[in-house]
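Observations on chain architecture
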Amino acid sequence: MFRIADFSSRALLVPASVLAVAVLALPALSQTALAGAPASAAAPAAELKVFDPTLIDKSVDPCENFYRFSCNGWFQRNPLPADQAAYGRFTELAELNRLHLRQILEKAAKPAASRTANEQKIGDEYASCMDVAAIDKLGLQPLQPELKRIEELQSLEGLPALLAHLHTIGVDAFFGLGSNPDFADSSQVISYYDAAGLGLPERDYYTRSDAKSVEQRQQYQAHVQKIFLLAGDSEVQAGKDAATVLAIETRLAKASLTMTDQRDPQNLNHPTDVASLAKVLPHFSLRGYVAELHAPAAGKANNAQPKFFAEFDALLADTPLDQVKVYLRWHLLHAYAGTSLPESFDQESWNFYAHTLNGAEKQQERWKRCTSRVDSELGEALGQVYVERYFPPREKQRTLDMTLAIEQAMERDIDSLDWMSATTKVKAREKLHAVMNKIGYPEKWRDYSTVQIVRGDALGNQMRVHAFDEARDLAKIGKPVDKLEWQMTPPTVNAYYDPQMNNVNFPAGYLQPPFFSGKEDDAANYGDMGSTIGHELTHGFDDEGRQFDKDGNLLNWWTKDDEQKFSDRADCMVKQYDAIEAVPGVHLNGKLTLGENLADLGGLWLAWMAWQEKAQAAHVDMAAKMDGYTPEQRFWIAYAQQWCTQTRPEQLRTQAQSNPHAPDEYRTNTVLQDLPEFAKSFRCKKTAPMVVPKPCRVW
Ligand SMILES: [Zn+2]
């Protein structure tokens, strides 16, 4: 599925298309994505606040380093827990939410006759995941039928049906087929074929030539070898097979688009139909593949990466069948190595993905991972109970009011732009008016009645949940788009904009302290949650989102001249972020992070405008201090304090190289450097580090 623009870097390298199954598909990454809590998290010591004066370090000049000024107190209070690759305010809240989910799950796990159908499913799935003794005792036995299927593959003719089956049970081999709105007509769902099949986080891991990247590839190969060893292969065979896996994946990676190239939807827009696509795959029967999946054998399709599919076919033509089988076997083991296979697999998977790649020192406790697993597998069954308990209707209304105020601010902002023509402004306003606001949770909950969850069968449950998700997704093809569906579960601490739906989505799990609180004033709430709402809204007008019209069609509504002016202004930010060296030798990628940086800057500016308007109407005394700070100062501090995060160097490197979000320090300081209103609020001198001579500005 085409990407949604999310808010937090915590959804690290987990593509939107697999959000619902991320924990299963990328077991160890999920540990950093849904990072754990410090030992004390069982009972959070202090109340979480949006503006927290006790976190401020007065020994730091706010005009020197505003991030340190706002967050040093938090850093002192929150040493990085051993089971985390990064720990910040997003994880602080995610851990609290996870504790709440645990309480729900532990109650549901008690086998009482009074349980509802959903309680049986979430409770028994949690219990199955927690039962390590049973999982260890079964060993690889539940996976034997699948391993046997791969072993028994006789020729390429059998591959399409086998691959379709593996995709159904969540094995991410070679490519992916999903449903997606048509780029040309966003009201209709079509078949969407995309590149996939890599075990490292993304394609550049296979192509970079610096010493660290070469070392990471060696470590990856050693990891694949260990997994084969655990599956019973000899040392020699496992070593040989691991080399085969790396060779095949490297070939696929080289034919795949970079993450930066994927940011331009035009690079992914290659309309075709299923029958024509079949013709470019002479060595792979697409007809056989879709028949096994019960997916459409005809009709409109998008081939997101033609170069990749050509290489996939060429690879099948010249690769010995035994090597293809080795590759499939690895991806099968990899997909289940998390919480469904014995601890030895789980441990080895953690060791490579969380420890080696991202620096975590200790594996997360089992209950944390099992809670995340149920959230990702049956998120709307678990989430329904969650919102009943933790998201009262008044919170929904408050968020909606703030969203409407920020949308009005964006209208005033568009009106006031000196670089945009009246013609383009009309279209921009139309798009803004068409944005749909989705807050908290789905209006209609997903129906899980056909998913069978069996207590004591962790691996079988994982397979059945995948099959359910796959069937649900493919059934959408050929039908009208359902804009009310959600891509994140309700307890998620994140938010997103969907360019093809033109909607903003704020899950209930995020609309909580320390990001939003009914007990605090507008200065704090607009600086924090207001800037997030503005961020998501601005995604509709960033370098990617601006290419979609009010209905979500990929259709250019800009005049040539305005387009040029937008690009010139955006280039200022590309250069600004390119210049930042996040870890020695690794600079940020200004093009990869452009959309997020535009959204951060535009979002904060819109929140500021909306709040100023509201404060004036309410006659807020701008000179009156609270906790030693004026309302304006508290607005900026609340903004900065959402980003307080401790990050291990390994994780920082991963993020700088591959994440579309800049590291949190720059999401604070660099964004504020581009807003002279900030420097005014703190009376910074022109020569201060937080003041730059030529700020960048688009929205
Ligand atoms: Zn974003």
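Residues numbered from 1 in each chain as written. Predicted model: local features only at pLDDT ≥ 70, side-chain atom pairs only at ≥ 80, totals over all residues. Heavy atoms only, no water.

Points about the sheet that holds strand 1 (residues 5–6)
In spatial order, the strands read 1-8-9-7; together these four strands make up an open sheet with mixed pairing. Edge strands, defined here as strands with exactly one partner in the open sheet, are strand 1 and strand 7 (436–440). Note: strand 7 against strand 9 (residues 503–507), five bridges, orientation parallel. Each bridged residue has a counterpart across the sheet, and for G440 the counterpart in strand 9 is P507. Each of strand 7 and strand 9 touches helix 20 (residues 393–416); the most contacted strand, strand 7, lies at about 150° to it. (Pairing = 2+ DSSP bridges. Helix = DSSP H or I, 4+ residues; strand = E, 2+ residues; numbered from the N terminus. Contact = heavy atoms within 4.5 Å. Axes fitted to C-alpha atoms, helices over the stretch in contact; angles between N-to-C directions.)

Structural notes on the side chain of H539
Residue placement: H539 occurs in helix 23 (residues 522–539). Given the relative accessible area of 2%, H539 is considered buried. Apart from the residues lying within four places of it in its own chain, the contact partners of H539 are A5, D6, Y497, G545, G595, E596 and A599. (Buried < 20%, exposed > 50% of the residue type's maximum accessible area, 1.4 Å probe, protein only.)

Here we look at the pattern of salt bridges
Counted under the stated rule, the structure contains 42 salt bridges. Between R472 and D469 there is a salt bridge, and its shortest N-O distance comes to 3.9 Å. Taken as a pair, R472 and D469 lie in helix 22 (residues 458–474) at a separation of three residues, close to a single helical turn. Relative accessible area serves as the criterion here: at 23%, R472 is assigned to the partly exposed category. D469 sits in the buried class, given a relative accessible area of 11%. Each member of the salt-bridge network shares a partner with another, and the members are E380, R446, D469, R472, D473, K476 and E485. (Salt bridge = Lys/Arg side-chain N within 4 Å of Asp/Glu carboxyl O.)

Let's talk about the packing of aromatic side chains
In total, this model carries 54 aromatic pairs according to the counting rule given. An aromatic cluster is built from F51, F66, F69, W608, W611, Y629, F635, W636, F678 and F682, whose rings are joined through pairwise contacts. A cation over a ring is seen here: K431 above F541, with NZ or CZ 5.5 Å from the ring centre. (Phe/Tyr/Trp six-rings, centres within 6.5 Å; stacked < 30°, edge-to-face > 60°. Lys NZ or Arg CZ within 6 Å of the ring centre and 35° of its normal.)

Considering the packing of helix 20 against helix 23
Running from N to C, helix 20 and helix 23 point in directions that differ by 60°, and their axes come no closer than 10 Å. Judged by the sense of rotation from one axis to the other, the crossing of helix 20 with helix 23 is right-handed. Residue-level contacts link T399, M402, T403, A405, I406, E407 and M410 of helix 20 to N525, Y526, M529, G530, I533, G534 and L537 of helix 23. (Left-handed = near helix turned anticlockwise from the far one by under 90°.)

Concerning the state of the cysteines
According to the stated counting rule, one finds four disulfides in the structure shown. Two residues share a disulfide in this structure: C63 and C684, whose sulfurs sit 2.1 Å from each other. One quick way to see it: the torsion about the S-S bond of C63 and C684 is about -85°, and its sign makes the bridge left-handed. Of this pair, C63 sits in the loop between helix 2 (27–33) and helix 3 (66–77) while C684 sits in the segment after helix 29 (676–681), and the two are 621 residues apart along the sequence. You can call C63 buried: its relative accessible area is 6%. Across a sulfur-sulfur distance of 2.1 Å, C129 and C370 are joined as a disulfide pair. As the torsion about the S-S bond is roughly -80°, the C129-C370 disulfide counts as left-handed. (Disulfide = S-S within 2.5 Å.)

Here we look at the coordination of the zinc ion
For a metal bound by four donors in a tetrahedral arrangement, the ideal donor-metal-donor angle is 109.5 degrees, while six donors in an octahedral arrangement ideally sit at 90 or 180 degrees. Taken together, the protein donors to the zinc ion comprise D6 (O), H535 (NE2), H539 (NE2) and E596 (OE), at separations of 2.0 to 2.3 Å. Classification of the site at the zinc ion rests on its four donor atoms, whose angles at the metal span 92 to 130°, yielding the label tetrahedral. Read in sequence order, the donor residues for the zinc ion give the motif D-x528-H-x3-H-x56-E. Of this pair, H535 sits in helix 23 while E596 is found in helix 25 (residues 594–617), placing the two residues 61 residues apart along the sequence. You'll find H535 and E596 in the same group, each marked buried. (Donors = N, O, S within 2.8 Å, 3.2 Å for Na, K, Ca; no water. Tetrahedral: all angles 85-135°; square planar, octahedral: opposite > 155°, others 65-115°.)

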